[in-house]
Amino acid sequence: MAELKFRTFSGTGNLSSISLSSVSSLFLERNVKLRRKRRRTTPPLKAAAVETPPVTSSPRISAAGMKLLEASSLPSASRARSDDMRAEGKAMARAAYVSVYDPQVIYDKYKSRPFKVVGRTLQILTGIGLFGASLWVDKLQGKLDQRKRSRAVELRDILTRLGPTFVKIGQGLSTRPDLCPSEYLEELSELQDDLPTFPDAEALACIEKELGIPLESIYSSISATPIAAASLGQVYKAQMKYSGQTVAVKVQRPGIEEAIGLDFYLIRGLGHLINKYVDIITSDVVALIDEFARRVYQELNYVQEGQNARRFRKLYADKADVFVPDIFWDYTSAKVLTMEWVEGVKLNEKEAIESQGLNVLDLVNAGIQCSLRQLLEYGYFHADPHPGNLLATADGKLAFLDFGMMSETPEEARSAIIGHVVHLVNRDYEAMARDYYALNFLAPEVDVSPIVPALRNFFDDALSATVSELNFKTLVDGLGNVLYQFPFTVPAYYALILRSLTVLEGLALYADPNFKVLAASYPYFAKRLLTDPNPYLRDALIELLFKNGRFRWNRLEDLLVQGKMDRDFSAEDALKPVLKLLLGPDGEELRVLVIRESTRVTEAFMLGSMIDGYNSIPGPLKNLIVNNNTAGPSALSTSEQESLMELRQQVSRIWKLLQSSDNFDPNILQPILLVLQEPEARSLGGRVFGGITQRLAARFLQQLLRTPTVVQAPSNT
């Protein structure tokens, strides 16, 4: 679907389309008669969208007249929405017969077909086994590198012959340059949309059968051969008859449900064996397989895919750098999907993208930011973002395609993931371990204290610089090693999250081997931690910033520096949730901490100003004021002075960061003043401030009354 180059070209290089009169020659005479019969009995299909001529304004039309014209278009827009909803309802009715994944139904179906099961098992073992044996022979002969290309072609052909289930495995491998050599990446990438096609006559007959009307009533032209062929279907480029709009028409492969059903029957049986006999894997493998199978079966329902696309478009296409094609419901069914055509280049075609003046990493970053929103903001994410489903458009947008495999992150898990990443970056391993409760990785009765040293040992040993230098694979491998040592249960949705993120990281590494996904995504995590009012994240933020009754200004500064890198960051949004908690009924403990920290900051600025003033005094006069005491008027040690000066500098830097934020209004800090005016705050603040004043006065008096120290001159004897 994402392929830009067409398979059939005319002599001038344009797409060779076939008229609907020539399409009919592809069908048998029986099909032609059936079509004629339907033509008499089936009314023409209503258009999915009605094209209306634009309203042309005239200089003589008043502003009030223009408002009337705009208002008159509202009923038309409402009718269009109503028509669209009716068309979607009809599409759902056409897909009422579609199957859903039911492991019991599949088990009952194939348990009575032992010959078919054994035959498929032998086919899989033979294909994979012979390839493994070939690699072993190459290694013995010292020709592994020499035969990489031929073996990569061989693996691609084996996966293609084994069918859609194994094609999807190959698609995942094609985006992992850290797992596969470049020769394998190039060959396996052809599995994304360059698979063997099925006969065009079958595809065109399927369109007519599914939609219930003749092709010539739908299209004015259609490509003679598929533009792309993927694991579950193939795509044609067509032009709508009623509007002239160019569309992509995806048609499902015949017999696809039978093929994947048998494969999942075998894979699920293997999962049962792993659960029973492989103790090192503590996750429920069968549950993970079932989750993946449900997603694949959902891909077989193209109406569901269209609804997924609409939902995805509504949630994420509001950003200027993201594009999601629209769906034509009147021409969509369980096995036929008609959607807006997208011109673009696959995201792994670096040279083609850069030849258009675009930067691959900018597009990858757009994909990462959009994926973070998918996973952690709305929880609805694209679980199959391989290069065939991601296009770079000429205007620099990232277009998402193929919405068959989608998944959702539970709301409580989204907040826990954000907190977990922030705790990781700050090496707060105790908090990391507690996050596993919220992630549902651990039962509430499991003690996390033994997990903390395991986390510390891995990350302290693995990191020479900062956590942001980690790539996602290293992070997953490290956490995986920890998971195997303890009674973790990984939720099924988590596997699809890992798949989505590893594919995106693979694309990033393909463009730049030094790209660090965590470093690129951390500004989003910092922004969410600072701005999200979610109670879990509020608690995580307070826990991060306060320790042992002291405020960690360096942590706040780091979060603000990172958060400001996110284009949607707002200082006002960052302050509002904390200030709301500060004034709320549950903010008593936080108010005490704020009062104490406010007095500490006040002390830092007062003493800092005094130290600055003292340092500006000429040397002889300094000695007169402080009576030769090198500690100065504050009577503080050098380390105490440095600590206070650093605190003052940190607070000043944070204030500048807040001021530099777009639309920052200092009045938003008024709630802090209200807290400080409370009786308890005034009492505590007065005592602390009075103590500071008394101490400064005592120190200053001590300097004045001290007897100068007489330094004896050295003896001449």
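Figured I'd write up the structure that's included with this text. (Residues numbered from 1 in each chain as written. Predicted model: local features only at pLDDT ≥ 70, side-chain atom pairs only at ≥ 80, totals over all residues. Heavy atoms only, no water.)

**Structural notes on the pattern of salt bridges**
Right, on to step 1. With the rule as written, the count across this model stands at 30 salt bridges.
Right, on to step 2. The salt bridge involving Glu 258 is made with Arg 113; its shortest N-O contact spans 3.5 Å. Highlighted residues: Glu 258 in helix α11 (residues 256-277) and Arg 113 in the loop between α5 (103-110) and α6 (114-140), separated in sequence by 145 residues.
Right, on to step 3. Assessed through its relative accessible area of 27%, Glu 258 is described here as partly exposed.
Right, on to step 4. The exposure class assigned to Arg 113 is partly exposed, which follows from its relative accessible area of 33%.
Right, on to step 5. With a shortest N-O distance of 3.5 Å, Arg 653 and Glu 646 are connected by a salt bridge.
Right, on to step 6. According to the relative accessible area criterion, Glu 646 is partly exposed, its value standing at 32%. (Salt bridge = Lys/Arg side-chain N within 4 Å of Asp/Glu carboxyl O. Helix = DSSP H or I, 4+ residues; strand = E, 2+ residues; numbered from the N terminus. Buried < 20%, exposed > 50% of the residue type's maximum accessible area, 1.4 Å probe, protein only.)

**Description of the packing of aromatic side chains**
Right, on to step 1. One pass over the structure, following the stated rule, counts 13 aromatic pairs.
Right, on to step 2. Geometrically, the ring pair formed by Tyr 436 and Phe 441 is stacked, given 5.9 Å between the ring centres and 10° between the ring planes.
Right, on to step 3. Here Phe 441 falls in the buried class, since its relative accessible area comes to 3%.
Right, on to step 4. Taken together, Phe 312, Tyr 316, Tyr 378, Phe 400 and Phe 403 form an aromatic cluster joined through their ring pairs.
Right, on to step 5. Here the basic side chain of Arg 311 rests over the ring of Tyr 380, its NZ or CZ set 3.8 Å away from the ring centre. (Phe/Tyr/Trp six-rings, centres within 6.5 Å; stacked < 30°, edge-to-face > 60°. Lys NZ or Arg CZ within 6 Å of the ring centre and 35° of its normal.)

**A short note on the sheet that holds strand β11 (residues 398-400)**
Right, on to step 1. With mixed pairing, the four strands of this open sheet are ordered in space as β6-β11-β10-β8. Sheet topology places β6 (322-323) and β8 (345-346) at the edges, where each strand pairs with a single neighbour.
Right, on to step 2. Direction of pairing for β6 relative to β11: parallel, over a ladder of two bridges. Directly across from Phe 323, in β11, lies its bridge partner Ala 399. (Pairing = 2+ DSSP bridges.)

**Re the nonpolar core**
Right, on to step 1. Counting residues in each nonpolar core, the largest one holds 145 residues, and the members touching the most others are Leu 347, Tyr 436, Ile 451, Leu 455, Phe 459, Phe 525 and Leu 559.
Right, on to step 2. Counting 20 residues, the second largest nonpolar core, distinct from the first, contains Ala 203, Cys 206, Val 249 and Val 251. (Core = buried A, V, L, I, M, F, W, Y, C linked by side-chain atoms within 4.5 Å.)

**Some remarks on unusual backbone geometry**
Right, on to step 1. Although it is not a glycine, Asp 402 adopts a positive phi angle of roughly 60°.
Right, on to step 2. With respect to the helices and strands, Asp 402 occurs in the loop between β11 and β12 (406-408).
Right, on to step 3. Asp 402 gets classed as buried once you look at its relative accessible area, which sits at 13%.
Right, on to step 4. Positive phi is not limited to glycine here, since Asn 440 has a value of about 65°.
Right, on to step 5. Among the secondary structure elements, Asn 440 is positioned in the loop between α17 (429-438) and α18 (451-462).
Right, on to step 6. We classify Asn 440 as partly exposed; its relative accessible area is 48%.

**Some words on the packing of α5 against α11**
Right, on to step 1. Where α5 contacts α11, the axes come no closer than 10 Å and their chain directions differ by 95°. Considering their axes alone, α5 and α11 lie roughly perpendicular with respect to each other. Here Pro 103, Ile 106, Tyr 107, Lys 109 and Tyr 110 of α5 lie close against α11, whose contacting residues are Glu 258, Gly 261, Leu 262, Tyr 265 and Arg 268.
Right, on to step 2. Residue composition of the contact of α5 with α11, grouped by class: six nonpolar, one polar and three charged. (Axes fitted to C-alpha atoms, helices over the stretch in contact; angles between N-to-C directions. Parallel < 35°, antiparallel > 145°, perpendicular 65-115°, else oblique. Contact = heavy atoms within 4.5 Å. Nonpolar A, V, L, I, M, F, W, Y, C, P; charged D, E, K, R; others polar.)

**So, the pairing of strand β5 (residues 246-252)**
Right, on to step 1. Most of β5 sits out of view: six of its seven residues are buried.
Right, on to step 2. For strand β4 (residues 233-240) and β5, the ladder comprises seven bridges, and the chain directions are antiparallel. Residue pairing across strands places Val 235 opposite Lys 250, the latter belonging to β5.
Right, on to step 3. Two successive antiparallel strands, β4 and β5, enclose a turn made up of five residues, where Gly 244 displays a positive phi of approximately 80°.
Right, on to step 4. Sheet topology note: the β5/strand β7 (residues 336-340) ladder contains five bridges and is antiparallel. Each residue of the ladder has a partner; that of Val 251, found in β7, is Val 336.

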